[in-house]
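A structural walkthrough
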Amino acid sequence: MTSAPSRPAALTDTASGLCPYGEATRGAAGASDVAGRGGASGLQDPFGLLDLFGEGFVRDPYPWLDSLRAEAPVHRDPATGLWLISRYEDIRRVLLDPTAFRPDNAQHAITPLGVPALRVLARAGFRVRPALANNASASHAGLRRVVTRFFNAERVAAAVPVIERVADELLDTVCTEIDTTDGSDLFGAFAHTLPCRVMMELLGIHGLDTTTLVRWSDASLELFWGRPSPERQLELAALVGEFHQWLTSLVSDRTAPADSFVGALVRHRLPDGELLDLETAVGACFFVFIAGQSTTGQLIATVLRSALAEPGLWPRPGHEEGLAKAWVEEVLRREPPVTTWRRVTAHAVEVGGTPLPAGAELLLMLMGSGSDPEVFENPEEMRPHRANSRHHLAFGVGRHRCPGASLARTEAAVALRAAARRLPGVRLTAEAAHSPVLDLLSFRAPLRVPVASSPTASPAL
């Protein structure tokens with residue numbers, strides 16, 4: 001495994017033109033916004049070229065993350081106004097203290113929405129009330145228990161046959177495509193579809209095409225975590241509005257069985273004894289449906305691509321006991337699909353020795369935390385069965401830890417095991433090196449995993 005360079009080229013090549021915001025952001029914050037460097041007043045910001053949405057950062061974020069962690073572990077990004085927190089211990093401390101570091105901004109749109117897009121959302125009745133990831137109120141614990149009940153270890157274990165069946169059905173199509181065209185895209189044909197179909201079965205969702213739910217979910221991520229143009233915002237807002245209307249209709253159906261996910265939500269009572277209101281129930285579904293299929297699909301795509309790219313690994317996960325699970329854990333540590341998460345300070349507080357005012361918006365660099373050498377030895381190396389691999393923060397920690405972590409882990413491991421078993425002779429094509437990468441603020445994954453039969457391919461088992 002090739003280690004990442006210790007310093008981004010952009011930090012030493014000010015003519016590289018990587019920053020689309022131009023000279024206005026370069027050094028705009030001054031030395032006072034580069035914590036931990038002790039620079040003199042007026043020192044130019046060495047991270048002025050950092051663009052969280054730029055091709056350089058999206059393609060290879062590790063040099064930037066390493067430099068931030070080493071030189072500016074609490075750094076204010078002038079382009080977004082967010083304070084980037086990059087050291088493992090600082091991130092963990094923030095996540096474990098939801099009183100001082102509130103989740104209120106976790107689902108805010110990172111790009112301000114224009115009036116036309118807001119009108120489209122308003123016409124659809126779109127409003128996401130605090131429910132799970134963005135909820136700091138007393139209602140959070142009860143709502144979380146409802147959701148966790150459907151993703152606990154017992155239910156996930158019982159779901160393995162479902163995951164295996166759906167995986168095999170999808171891989172049947174992949175095998176046929178490879179046999180007839182000598183190639184396939186494991187992202188679109190497998191990774192992106194598998195968790196959506198599984199979730200719909202587990203939650204008892206019927207009467208909706210999986211491609212529609214995937215399209216709605218992806219549009220939601222792009223609208224709220226991307227940098228869409230005003231024209232693109234209108235397209236996305238229309239899809240998000242459709243999604244919200246469908247969720248509202250789903251939750252409004254009071255005939256849902258009490259033991260179903262929706263049935264349990266609509267019958268849930270808040271701390272004051274009142275039944276859960278419609279908007280909060282819709283907000284909970286909005287979060288669960290996106291996390292349950294889009295981000296899990298991104299994880300599966302990253303797991304497959306990294307396993308295919310690792311010399312000597314493929315197709316061992318198909319038959320070596322425990323290797324699929326161990327590989328998934330290393331991917332979660334090094335390349336989690338949820339790369340960052342946001343918090344806002346409730347009052348003036350200090351992080352990593354840097355004073356922050358009340359209302360400071362933080363961006364926790366979850367992806368970089370898994371490569372912190374203070375926690376993980378030789379973090380740039382993928383080491384299945386690493387002793388402390390599960391210490392990563394890919395699913396968060398504390399009160400807001402992802403309730404679907406067990407299901408996501410299991411789906412990714414089953415997907416890897418099934419693909420390696422059914423497609424032992426495939427290889428990544430040359431196109432894989434230039435395939436597009438999801439470039440949202442908090443989400444990253446390959447958008448294509450192109451494969452073809454190896455000249456020495458063995459027949460599928």
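Look above for the structure.
Report on the accompanying structure.

Re helix α15 (residues 405-422)
Given a rise of 1.5 Å per residue, 18 residues ought to cover 26 Å, and the 26 Å separating the end C-alpha atoms of α15 matches this to within 8%. Judged by how many residues are buried, α15 sits mostly within the fold: 15 of 18 residues are covered.

Quick word on the sheet that holds strand β10 (residues 450-453)
For sheets, the rule is that strands pair by backbone hydrogen bonds, running either parallel or antiparallel. Pairing in this open sheet of three strands is antiparallel, and the strands run β4-β10-β9 from one edge to the other. The sheet is open, and its two edges are formed by β4 (183-185) and β9 (426-428), each paired on a single side. When the angles between neighbouring strand axes are averaged without regard to direction, this sheet yields 30°. Sheet topology note: the β4/β10 ladder contains three bridges and is antiparallel. Looking at β10, one finds that Ser 184 is bridged to Val 451. Contacting β4, β9 and β10, helix α6 (residues 153-181) runs over the sheet at an angle of about 140° to β4.

Comments concerning the environment of Val 328
Looking at the element boundaries, Val 328 is found in helix α13 (residues 323-334). Residue classification places Val 328 among the buried positions, given a relative accessible area of 2%. When the C-alpha atoms of Val 328 and Ser 306 are compared, they prove to be 9.8 Å apart, with 22 residues separating the residues in sequence. Leaving out residues up to four positions away in the same chain, Val 328 has contacts with Val 303, Arg 409, Ala 412 and Ala 413.

Structural notes on the sheet that holds strand β2 (residues 83-85)
Strands sit in the order β1-β2-β8-β5-β3 across an open sheet of five strands; the sheet is mixed. Each edge of the open sheet carries a strand with a single partner, namely β1 (74-76) and β3 (101-102).

So, the packing of aromatic side chains
In the structure shown here, the tally under the stated rule is 12 aromatic pairs. Both rings, one in Phe 224 and one in Phe 286, keep their centres 6.5 Å apart while their planes meet at 85°; by these two values the pair is edge-to-face. Residue Phe 224 is found in helix α9 (residues 210-225), and its partner Phe 286 is found in helix α12 (residues 278-309); the two are separated by 62 residues along the sequence. Each member of the pair, Phe 224 together with Phe 286, is buried. On the basis of an interplanar angle of 65° and a centroid distance of 5.8 Å, the ring pair of Trp 246 and Phe 289 is categorised as edge-to-face. Of the two residues, Trp 246 sits in helix α10 (residues 230-252) while Phe 289 sits in helix α12, which places them 43 residues apart along the sequence. Both residues of the pair, Trp 246 and Phe 289, belong to the buried class. A network of ring pairs unites the aromatic residues Phe 126, Trp 216, Phe 224, Phe 243, Trp 246, Phe 286 and Phe 289 as a single cluster.

Quick notes on the pattern of salt bridges
The full count for this structure, using the stated rule, is 24 salt bridges. Across the salt bridge formed by Arg 421 and Asp 168, the nearest N and O atoms sit 3.2 Å from each other. Taken together, the positions of Arg 421 in helix α15 and Asp 168 in helix α6 put the pair 253 residues apart, joining distant regions of the chain. We classify Arg 421 as partly exposed; its relative accessible area is 31%.

Quick notes on the environment of Ser 252
Tracing the backbone shows Ser 252 in helix α10. For Ser 252 and Leu 278, which are 26 residues apart along the polypeptide, the C-alpha to C-alpha distance reads 7.2 Å.

Structural notes on the packing of α12 against α13
The interhelical angle for the contact between α12 and α13, taken along N-to-C directions, is 110°, at an axis separation of 10 Å. Taken together, the axes of α12 and α13 are roughly perpendicular relative to one another. Of α13, the residues touching α12 (which contributes Leu 299, Thr 302, Val 303, Ser 306 and Ala 307) are Trp 327, Val 328, Val 331 and Leu 332. Here the residues of the contact of α12 with α13 sort into seven nonpolar, two polar and no charged.

Calculation notes
Residue numbers here run from 1 along each chain, matching the order of that chain's written sequence. Whole-chain, interface and lining totals are the exception, using all residues; otherwise, since this is a predicted model, local features are given only for residues with pLDDT of at least 70 and side-chain atom pairs are given and counted only at 80 or more. Water and hydrogen atoms were dropped before computing side-chain values, which therefore reflect all heavy atoms in the structure. Helix and strand definitions follow DSSP, with helices as H or I runs of at least four residues and strands as E runs of at least two, each counted in order from the N terminus. Helices are assigned an expected span. That span is 1.5 Å times one less than the residue count. Exposure classes here rest on a 1.4 Å probe applied to the protein chains alone. A residue is buried below 20% of its type maximum, exposed above 50%, and partly exposed in between. Pairing between two strands is assigned when DSSP locates at least 2 bridges connecting them. An axis is simply a line fitted to the C-alpha atoms; with a helix, the fit covers only the stretch in contact. Between two such axes, the angle follows the N-to-C directions and lies from 0 to 180 degrees. In what follows, residue pairs with any heavy atoms lying within 4.5 Å of each other are defined as contacts. Stacked, tilted and edge-to-face are the three classes assigned to paired rings of Phe, Tyr and Trp, where Trp is represented by its six-membered ring and a pair needs centres within 6.5 Å; plane angles under 30 degrees give stacked, over 60 edge-to-face, the rest tilted. For this document, the term salt bridge refers to a Lys or Arg side-chain nitrogen within 4 Å of an Asp or Glu carboxyl oxygen. Here is the rule for angles: anything less than 35 degrees is roughly parallel, anything more than 145 is roughly antiparallel, 65 through 115 is roughly perpendicular, and the remaining ranges are oblique. Residues are grouped as follows: Ala, Val, Leu, Ile, Met, Phe, Trp, Tyr, Cys and Pro are nonpolar; Asp, Glu, Lys and Arg are charged; all remaining types, including Gly, are polar.

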